[in-house]
Amino acid sequence: MNLLEAMRVYTRVVERAGISSAARDLGIGQSAVSERIERLEQFLGCQLLQRSTRAFKCTPEGEIFYTHSKQVVEAAAQAVSEVSRDHALLKGYLRISAPHCLGEGIIPEALRHLRDVCPSMTFDLVLEDRALDLISEGVDLSFRLGRLTDGSFVACKLGQVPRMLVAAPSYLARAGAIHGKDDLADHPFIRIKGDFDNELLPLVDPWGHERATPIRTAMTTSHWRPMYDMLRSAAGIGVVKVPACIDSLRDGSLVPVLPGYEVRPLDLHLLIQSKHPFPLRIRLAVDEIRKCMPEILMARAMPGDAR
């Protein structure tokens, strides 16, 4: 039995809390994963996992073995990488999470850059708007928008993602031009759940003062795409993240509302599991993302939005 490979499979099963999810990550069949876990338990002479129809968890021995296995697998990968010093030969698996709105354009560009630098590495991109727990979800790197909460991670700021209050020209032609912020409540507002739940839109006036402006929500959605499509179809007004909607802003199918006012941008961070030392594959990925992200954001910005 290849003990190191068995440890790698076992750590992935624990982190993904299931055989099928781990098998997809590893690119092997579920039966192969199950067989390796069973052979590992026979080799160790103890049960590592407790399985039932509703529960999947480690035994006390399994918890201990997972902790040490994780360290061994990462140390082995780092040892090979440090000796070779050839990024093109760097192998390993990198699981990355990001919000859906960044999954079109921004993140694929960053991954293309990483693939050019490390063509032998395997990348797994998970698009999820909720804040994932990096350790329990087995996530190595996570792109996070907005204010950070406490957690077991190290945060690296990549820049800012501008936002804009917009509408379709055909909607404004039908509903009438919006001349002042006090007019916003007269128009149907389309938004993502969690954004502006208090029915107030913070707008920064031309003098830099932020004012909470009432809005009237007509529709909420858990995903940015329906909101975007509804805005393009002249259903109302809403706030978009500029990089996700840059094509419509540039071709004029969406136009700014109250261009003298600003919706504050969102900070973009890259989160890393808080463990030291960081494996070479993690350090390299963070360095390369920090290099390429300013250019990627600039390419998908409106004039005057560069930060």
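About the criteria used
Residues numbered from 1 in each chain as written. Predicted model: local features only at pLDDT ≥ 70, side-chain atom pairs only at ≥ 80, totals over all residues. Heavy atoms only, no water. Phe/Tyr/Trp six-rings, centres within 6.5 Å; stacked < 30°, edge-to-face > 60°. Helix = DSSP H or I, 4+ residues; strand = E, 2+ residues; numbered from the N terminus. Buried < 20%, exposed > 50% of the residue type's maximum accessible area, 1.4 Å probe, protein only. Pairing = 2+ DSSP bridges. Contact = heavy atoms within 4.5 Å. Domains from an automatic or database assignment. Buried area = accessible area lost by both parts, 1.4 Å probe. Salt bridge = Lys/Arg side-chain N within 4 Å of Asp/Glu carboxyl O. Polar contact = N/O pair within 3.5 Å; in protein donor to acceptor, adjacent residues only side chain to side chain. Nonpolar A, V, L, I, M, F, W, Y, C, P; charged D, E, K, R; others polar.

This next bit is on the packing of aromatic side chains. By the definition in use, this model includes three aromatic pairs. Where Y10 meets F65, the ring centres are 5.6 Å apart and the plane angle is 55 degrees; that geometry is what we call tilted. Of this pair, Y10 sits in helix α1 (residues 3-16) while F65 is found in helix α4 (residues 60-84), placing the two residues 55 residues apart along the sequence. Across this residue pair, the class does not change: Y10 and F65 are buried. Relative to Y228, the ring of W224 lies with its centre 5.4 Å away and its plane at 35 degrees, an arrangement referred to as tilted.

Among the five residues in strand β11 (residues 237-241), five count as buried, and that is most of the element. With burial as the criterion, each face of β11 is covered, one bearing I237, V239 and K241 and the other bearing G238 and V240. Two elements, strand β6 (residues 153-167) and β11, share five bridges in a ladder whose sense is antiparallel. The residue of β11 that forms the bridge with L165 is V239.

With respect to the element layout, V204 can be found in strand β8 (residues 200-204). Sequence spacing of V204 and V263 is 59 residues, and the spatial spacing of their C-alpha atoms is 6.3 Å. Those residues within four positions of V204 in sequence are excluded, and the remaining contacts are H209, E210, G260, Y261, E262 and R264.

A separate point is the domain arrangement of the protein chain. Parsing the protein chain into structural domains produces domain 1 (3-83) and domain 2 (101-306). Each of domain 1 and domain 2 has a C-alpha centre, and the two are 36 Å apart. With nine residues of domain 1 at the contact, the number on the domain 2 side is eleven residues. Across the domain 1 to domain 2 interface the summed buried area is about 810 Å²; carbon plus sulfur atoms make up 37%. Linking domain 1 with domain 2 are zero salt bridges, by the criterion used here. At the boundary of domain 1 with domain 2, the tally comes to zero residue pairs in polar contact (both at pLDDT 80 or more). When contributions to the side of domain 1 that touches domain 2 are tallied by element, the ones reaching two or more residues are α1 and α4. Residue composition of the side of domain 1 that touches domain 2, grouped by class: no nonpolar, two polar and seven charged.

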